[in-house]
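Fold and contact review
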Amino acid sequence: MDFVLLGTGAGVPAKARNVTAIALQLLEERGTVWLFDCGEATQHQILKTAVKPRKIEKIFITHLHGDHIFGLPGLLSSRSFQGGVEKLTVYGPKGIDAYITTSLQVSGTHLKYPLEIIEIEEGIVFEDEQFTVTALSLDHGIYSVGYRILEKDRPGSLLVDQLLQEGVKPGPLFKALKNGEMVRLDDGRVLNGKDYLGDPQKGRIITVLGDTRVCSNALILAESADFLVHEATFSADETEMASAYFHSTTVQAAETAMKAGAKQLILTHISSRYTLEDSERLKEESKAIFANTIMAEDLMAIKIPLYVEE
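Residues numbered from 1 in each chain as written. Predicted model: local features only at pLDDT ≥ 70, side-chain atom pairs only at ≥ 80, totals over all residues. Heavy atoms only, no water.

1. What to know about the sheet that holds strand β6 (residues 88-92)
- Here we have seven strands laid out as an open sheet, ordered β7-β6-β5-β4-β3-β1-β18, and mixed in their pairing. The open sheet has two edge strands, β7 (115-119) and β18 (300-303), and neither has a second partner. Strand-to-strand twist of the sheet, defined as the mean angle between neighbouring strand axes without regard to direction, takes the value 20°.
- Here strand β5 (residues 56-60) runs beside β6; their pairing, made up of three bridges, is parallel. Counterpart to Phe 60 in the pairing with β6 is Tyr 91.
- Relative to the sheet, helix α4 (residues 72-81) contacts β4 (32-36), β5, β6 and β7, its axis offset from that of β5 by approximately 170°. (Pairing = 2+ DSSP bridges. Helix = DSSP H or I, 4+ residues; strand = E, 2+ residues; numbered from the N terminus. Axes fitted to C-alpha atoms, helices over the stretch in contact; angles between N-to-C directions. Contact = heavy atoms within 4.5 Å.)

Rendered as structure tokens:
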């Protein structure tokens with residue numbers, strides 16, 4: 001599991017930062033990619049990375065401002081030309097269906113894969129045997145949500161040494177036992193796979209917030225998160241401007257991470273008024289409150305380990 005930060009800027013593209021898009025690669029977990037927001041030129045950014053559009057399984061839109069959705073029609077169209085045949089689902093606030101449908105119809109775009117568009121409300125928006133994704137509204141100029149991705153606990157590791165001591169050879173039997181199945185050995189013994197697994201591995205929690213001022217739902221979504229992706233559109237000395245434009249500062253993002261008990265904070269959605277030379281200062285503003293702060297940069301990849309240290 002890892003992040004690929006495709007766009008880390010706010011409002012309009014800048015030389016150093018494109019507008020918002022984040023890929024969450026789940027290649028080991030499910031062989032797919034989830035995308036969070038899709039600003040203008042997201043597909044151009046993808047070309048500079050190892051992310052494969054045909055692997056994108058889900059796109060989660062936080063809100064309908066242009067810097068978060070203007071890249072959708074092009075990406076959806078190009079996915080057809082890049083070998084994408086598997087179903088793709090887009091989740092987003094009310095209006096996302098009309099935006100996508102109209103864009104594709106007016107441009108005469110025909111997709112070669114099934115496209116599902118789900119207009120979400122607060123609560124659980126997706127759940128399967130691996131993940132639960134919950135959305136809650138935030139405090140922005142238009143309806144904006146944050147997403148909490150909860151990975152369900154994974155089975156413990158197979159106790160290989162114990163099995164070898166009992167004369168079980170690696171191969172298909174190991175796979176069956178890893179799946180918790182009952183297997184019969186050549187000598188007649190019956191083994192229960194559940195007896196040969198270590199303690200379950202706790203699932204990870206990833207929180208990706210849309211644009212927002214400080215609000216209680218951000219704390220709920222970020223509670224105990226292994227990684228919190230939080231907008232930091234403005235510097236610490238621009239608190240009034242941040243509030244007026246329904247955004248957050250570097251310090252406010254850090255305070256949310258601290259209060260929520262998050263382990264790592266990624267600052268993104270940086271205003272184009274700040275240059276790359278300003279990035280270190282913005283990061284230090286946050287780190288003064290929350291030490292485990294990462295300043296997002298375009299095309300940055302961040303590995304999400306199985307166990308995230310505080």
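2. A look at the nonpolar core
- With 28 residues, the main nonpolar core has Phe 3, Trp 34, Phe 36, Tyr 147 and Ile 149 as its most contacted residues.
- Mapped onto this core, the elements with two or more residues apiece are β1 (2-7), β3 (21-26), β4, β8 (123-127), β9 (131-137), β10 (145-151), β13 (205-209) and β14 (227-231).
- With residues near it in sequence (within four places) discarded, Phe 36 still touches Ala 21, Ile 22, Leu 24, Phe 60, Tyr 147, Ile 149 and Val 208. (Core = buried A, V, L, I, M, F, W, Y, C linked by side-chain atoms within 4.5 Å. Buried < 20%, exposed > 50% of the residue type's maximum accessible area, 1.4 Å probe, protein only.)

3. Quick notes on the pairing of β3
- Burial runs high along β3: six of the six residues are buried.
- Side-chain alternation along β3 places Ala 21, Ala 23 and Gln 25 on one buried face and Ile 22, Leu 24 and Leu 26 on a second face that is also buried.
- In this structure, β1 lies alongside β3, joined through five bridges in antiparallel fashion. Bridge pairing links Asp 2 to Gln 25 in β3.
- Examined bridge by bridge, β3 and β4 share five bridges and lie antiparallel to one another. Within the sheet, the bridge partner assigned to Leu 26 lies in β4 and is Thr 32.

4. Regarding α4
- Counting buried positions over the 10 residues of α4 gives seven, a clear majority of the element.
- Every buried residue of α4 is accounted for by Leu 72, Leu 75, Leu 76, Ser 77, Ser 78, Arg 79 and Ser 80.
- Positive backbone phi, approximately 85°, marks Gly 83, located one or two places after α4.

5. Some points on the packing of aromatic side chains
- Within the structure shown, the criterion is met by eight aromatic pairs.
- Aromatic side chains Phe 60 and Tyr 91 sit 4.7 Å apart centroid to centroid with 10° between the ring planes, which places their arrangement in the stacked category. Of this pair, Phe 60 sits in strand β5 while Tyr 91 sits in strand β6, placing them 31 residues apart in sequence.
- The cationic tip of Lys 58 hangs over the ring face of Phe 126; the distance from NZ or CZ to the ring centre is 4.0 Å.
- The lysine or arginine in question, Arg 79, covers the ring of Tyr 113, its NZ or CZ lying 4.4 Å from the ring centre. (Phe/Tyr/Trp six-rings, centres within 6.5 Å; stacked < 30°, edge-to-face > 60°. Lys NZ or Arg CZ within 6 Å of the ring centre and 35° of its normal.)

6. Topic: the sheet that holds β10
- As summarised here, the arrangement of the seven strands in space is β8-β9-β10-β13-β14-β15-β17, forming an open sheet in which the pairing is mixed. Each edge of the open sheet carries a strand with a single partner, namely β8 and β17 (293-295). Sheet twist, expressed as the mean angle between neighbouring strand axes with direction ignored, is 20°.
- The sheet contact formed by β9 and β10 spans seven bridges and is antiparallel. Pairing of Phe 131 across the sheet is with Glu 151, part of β10.
- Here helix α11 (residues 276-287) sits on the sheet in contact with β15 (265-268) and β17, set at roughly 165° to β17.

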